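# Remarks on the overall topology
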Amino acid sequence: MTTYIERFPAEARVIRSTFFTAFIALGIGALFGLLQVLHRTDVHRLVDSADYYHILTIHGVLLALTFTIFFLAGVFTWGLTTSLDRGVVDVRFTWAWYGLMVGGTALAAIPMFGGLIDGIDMSAGVLFTFYAPLQAHPLFYLGLALFIIGTWLAGADWIWTYLAWRRENPDERIPLPTFMVLTTTLFWYLSSLGVAIAVVVFLLPWSLGLLEQVNPLLTRTLFWYFGHPVVYFWLMPTYMLWYVLLPKVAGGKLFSDPLARVVFVLFLLLSTPTGIHHQYLDPGIAEGFKFIAMTNTMFLLLPSLLTAFTVVASVEHGARQRGGTGYLGWLGALPWRDPVFTGMALAGLMFAAAGFSGMVNAGMNINYLVHNTFWIVGHFHLTVGTAVALTFMAVTYWLLPQITGKPIWSRSVGLAQVVTWFVGMTLMSNAMHRGGLSGVPRRTAEPQYENFDFTPAFGTMAELDAGVVIGGSLLFLSAVLFLGNVFVSLTGGKDLTSIPENAYAEALSGAEDGPLILDNLKLWLVIAVLLVVLTYALPIGAIIDRGGLLGPGGSPYPLVVESGRAISIGLGEVVA
Amino acid sequence: MNIHAYEKLWLAASLVLIVLFIGSVTYGAVGAGIAMVDDAEGVIDPDALDEDDRFADPRVEEVGENEYEVYVVAGQFFFDPGTFEPIEVPEHSQVTFYVTSPDVIHSFSIPGTNANTMVIPGEVASMTVEVGDPQEYGIVCNEFCGGGHHDMEGEFHVVPEDEFTLEADE
Ligand code: HEM
Ligand SMILES: [Cu+2]
Ligand SMILES: [Cu+2]
């Protein structure tokens, strides 16, 4: 019986740091989520409506990028080292990528918070999508670029460690968690390239005044080239936890290892050539390209549907091992008092609901009704806001003892916490979906208009507002319970004997049942690149052909009249 | 690779489902003729909208029997026409909107209907809708466009035939 911290003390320290960074982001993000809920419904407006968008930028960036990515970097480091039974090659390198990610986040945070503080002349009220010609302070783009480079180095660290293991074990199959880490890393390299180009080649030089203008449709398309796949950067570690940890805490085994590999290969292949489905309503992109993106998106349902099967089958196996019987009676035999299990199970349940609203979004024509409405916000609070976030919180109750040696302060509070999140999200997301159907827009400080009212199909706007406020408050409460529980646990003493062994679920049908070609990552990467070229070369070419690499402009907003800008206009003309 | 029988069944069912989805959307787009916003319009210089005969004087125009075209400029933080005076068209007509932006990305969206498009500087979004009985609709911008985004609204009125006059005829 060994815990993770005993086996890998140096790696455990890094993982602790990634987790704590993630939790700080979660705390601030949740607080701002509550402010948004109160502001939109006009229950309480703490800030000016024009400043609402600074709050929303921070909420989006800190939760969707900082919280998720720091946490998953820790999870991947745990999964890789545990399954290879080997430490990273050089932990100084591991600290280096962590440091770069923190540094990048801090730089980007300066103008993001600066926008809220009077007297600070920097701002980044551009939301986490930062569509040009909305313009942020250069530090925002610089920080973002450094953060992404940090994640690339993290991926390099995992690949490097894997290669070292490979030399020591030339004939073994890649262990499943490592396989998942590697496919996700390759996929991330491919998909984050889009945003890296948008930021480094266009937006950063433009914000510095080196370029006079950019092509808004081009930078937007590059953003979505990354913006949809980033969803899978959150989901793939979540799936990994559902595959390798959930069956274990349910008391059983993973149903099929080879099928899990198939799922991750499908993600590597299909996640990236779909981003244009966020642009169904964009002028300047031919219908045919939208159609291809739609088709790819529908096929991308496949790995998720397969996951649903395997996860349920594995959990059922666990229940039957625990003595469960009957057609549905086995459900009762599951460890519902364990916050790790219950949190993950509820997260998975919500994800199934999200799958339904997601299919609506993906249908090009139905999308017209819901695009940019509150429906979308309801949808992704089920996916990233619950399937991912609740899974991450639930596994914290399992992983935190592993990486600190300290047991969780209160598992009952943990159980109450995950249930509260589920209830709060049910209320908030339901109201958001229904509001969106009646046309209530997202990203709006005051969705109350002078000339018309929204009329929901069922109920009233007041009921929907109540759902959002009560749901949002419960979610905030849940986040406080979570952070409080983590904090109190950390102040406690170490007690290694009370902590289970660091391990993950074995498979009923193991790696040896799968064909070797599954592990041929080079092959899959080549096909993935080809698919991306096939779907993106023509639309990007057409966009550049239409508007020019840097045209047709628009006006930067907010207009900053700085001395630096006047000088650089001359430069910009040379470039343009 | 040995795949469990149930798993095979599930896989087959999933694939059928996916093909059905693609089929229904394809039918919607091709069969039922639901048109999408696309690249049909050429690019435009957002800094020189006043030199374009559609957008120099944004307006409603009659182009055929019961067919109207509406040219709209969506800027920070207004729709012209729409915000300062309502866009008016007669009942039971076919209306094509052409919308562009001089500054940042906006949207032109009529809540509760599927008339919804992004408005991107340099591009002209076009969208055709069939209007029915007289009714007053709102117009909102649902793409964040700056500090006054929530104030960006307008009105779209479908009016009885006998109450309709074109601005030009007034
Ligand atoms: C305390 C819990 C939370 C509450 C009360 C909350 C509330 C909200 C609300 C009301 C909005 C919409 C604002 C608008 O469109 O005007 C929003 C947006 C958003 N939320 Fe949350 N949220 C919570 C947790 C989360 C979590 C855990 C995540 C992800 C891990 C998340 C990610 C996002 C994102 C990405 C947006 C979109 C930002 C944008 O449109 O730019 N939220 N949230
Ligand atoms: Cu706008
Ligand atoms: Cu707007």
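Just so you know, these numbers come straight off a predicted model, no measurement behind them. Each chain carries its own residue numbering, running from 1 in the direction its sequence is written. All chains are assigned letters beginning at A, and all ligands numbers beginning at 1, according to the order in which they are written. Reporting of local features is limited, given that this is a predicted model, to residues whose pLDDT is at least 70; pairs of side-chain atoms are given and counted only at 80 or more, and all residues count toward the totals for whole chains, interfaces and linings. Note that the side-chain values use all heavy atoms of the structure and ignore hydrogens as well as water.

## Some details on the coordination of the copper ion (ligand 3)
Residue and element names in this part refer to chain B. Protein-derived coordination of the copper ion (ligand 3) comes from Cys141 (SG), Glu143 (O), Cys145 (SG) and His149 (ND1), at a distance range of 1.9 to 2.5 Å. Coordination at the copper ion (ligand 3) is irregular, judged from the four donor atoms that bind it and the angles of 83 to 126 degrees they form at the metal. In this analysis a donor is any N, O or S atom within 2.8 Å of a metal ion (3.2 Å for sodium, potassium and calcium), and since water is not included, sites may seem incomplete. In this structure the copper ion (ligand 2) is found 2.5 Å away from the copper ion (ligand 3), and Cys141 serves as a bridging donor for the pair. Labels for metal geometry use angle windows, namely 85 to 135 degrees for all angles of a four-donor tetrahedral site, and for square planar (four donors) or octahedral (six donors) sites opposite donors over 155 degrees apart plus all others within 65 to 115; sites meeting none of these are irregular.

## Comments concerning the site of ligand 1
Residues and elements named next belong to chain A. Around ligand 1 sit 28 residues in total, of which Arg40, Tyr52, His59, His381 and Arg443 are the nearest. One nitrogen or oxygen atom from the side chain of Arg40 is found 2.7 Å from an oxygen atom belonging to ligand 1. Between N or O atoms, a polar contact is any pair within 3.5 Å; within protein, one atom must be a potential hydrogen donor and the other a potential acceptor, and residues adjacent in sequence are included only when both atoms are from side chains. Contacts to ligand 1 include Arg442, whose side-chain N or O atom sits 2.8 Å from an oxygen atom. At the level of elements, α2 (9-40), α3 (52-84), α15 (374-404), α16 (411-437) and α17 (461-491) are the ones that each hand at least two residues to the shell around ligand 1. For this purpose, a residue is taken to be near a molecule or strand whenever a single non-hydrogen atom of the residue falls within 4 Å of it. Runs of E in the DSSP output that reach at least two residues are strands. Runs of H or I that reach at least four are helices, and both are numbered from the N terminus.

## Examining the coordination of the copper ion (ligand 2)
Residue and element names in this part refer to chain B. Protein-derived ligands of the copper ion (ligand 2) are His106 (ND1), Cys141 (SG), Cys145 (SG) and Met152 (SD), with the metal-ligand distances lying across 1.9 to 2.5 Å. Coordination of the copper ion (ligand 2) draws on donor residues from a single chain, spaced H-x34-C-x3-C-x6-M in sequence. Remark: exposure states derive from per-residue accessible area (1.4 Å probe, protein chains only) relative to the maximum for the residue type, with buried under 20%, exposed over 50%, and partly exposed in between. According to the relative accessible area criterion, Met152 is buried, its value standing at 0%.

## Considerations on the domain arrangement of chain B
Where each domain begins and ends is defined by an automated method or by a domain database. Split into domains, chain B comes out as domain 1 (1-34) and domain 2 (46-169). Just the C-alpha atoms count here: the centres of domain 1 of chain B and domain 2 of chain B sit 38 Å apart.

## Some remarks on the packing of aromatic side chains
Between rings of Phe, Tyr and Trp, where Trp is taken as its six-membered ring, a pair exists when centres lie within 6.5 Å; planes separated by under 30 degrees are stacked, by over 60 edge-to-face, and by other angles tilted. Following the criterion strictly, the structure yields 50 aromatic pairs over all chains and no others. Here A:Phe67 and A:Phe392 contribute two aromatic rings whose centre-to-centre distance is 6.2 Å and whose plane-to-plane angle is 65 degrees, an arrangement assigned as edge-to-face. With A:Phe67 in helix α3 and A:Phe392 in helix α15, this residue pair connects regions lying 325 residues apart in the sequence. With a centroid separation of 5.7 Å and an interplanar angle of 35 degrees, the aromatic rings of B:Phe78 and B:Phe84 are classed as tilted. For B:Phe78, a relative accessible area of 23% gives the class partly exposed. With relative accessibility at 60%, the residue B:Phe84 sits in the exposed group. Looking at A:Arg40, its charged tip hangs above the ring of A:Phe374, at a distance of 3.8 Å from the centre. A ring has a charge above it when a Lys NZ or an Arg CZ is no more than 6 Å from the ring centre and no more than 35 degrees off the ring normal. Directly above the aromatic system of A:Phe179 lies the positively charged group of A:Arg261, at a separation of 5.1 Å from the ring centroid.

## Focus: helix α4 (residues 91-114) of chain A
With 24 residues, α4(A) should reach 34 Å at 1.5 Å per residue; the first-to-last C-alpha distance of 34 Å fits that figure. Tucked into the core, α4(A) has its buried residues touching α2, α3 and α5 (138-168) of chain A. Expected span, for any helix, means 1.5 Å times one less than how many residues it has. The contact criterion used throughout is that any non-hydrogen atoms of two residues lie within 4.5 Å.

## Observations regarding the interface of chain A and chain B
At the junction of the two partners, chain A supplies 72 residues and chain B supplies 61 residues. Buried area: the accessible area, evaluated with a 1.4 Å probe, that two parts lose upon being put together, summed over both parts. For the pairing of chain A and chain B, the buried interface totals around 5,700 Å² over both sides, and the portion due to carbon and sulfur atoms is 67%. Ranking the residues of chain A by area buried against chain B places A:Pro283, A:Tyr368 and A:Arg546 at the top, with a combined share of 13%. Each reported salt bridge corresponds to a side-chain nitrogen of Lys or Arg within 4 Å of a carboxyl oxygen of Asp or Glu. Counting across the interface, chain A meets chain B through three salt bridges. With a closest N to O distance of 2.6 Å, B:Glu123 and A:Arg546 form a salt bridge. For the pair chain A and chain B, the number of links is 10 residue pairs in polar contact (both at pLDDT 80 or more).

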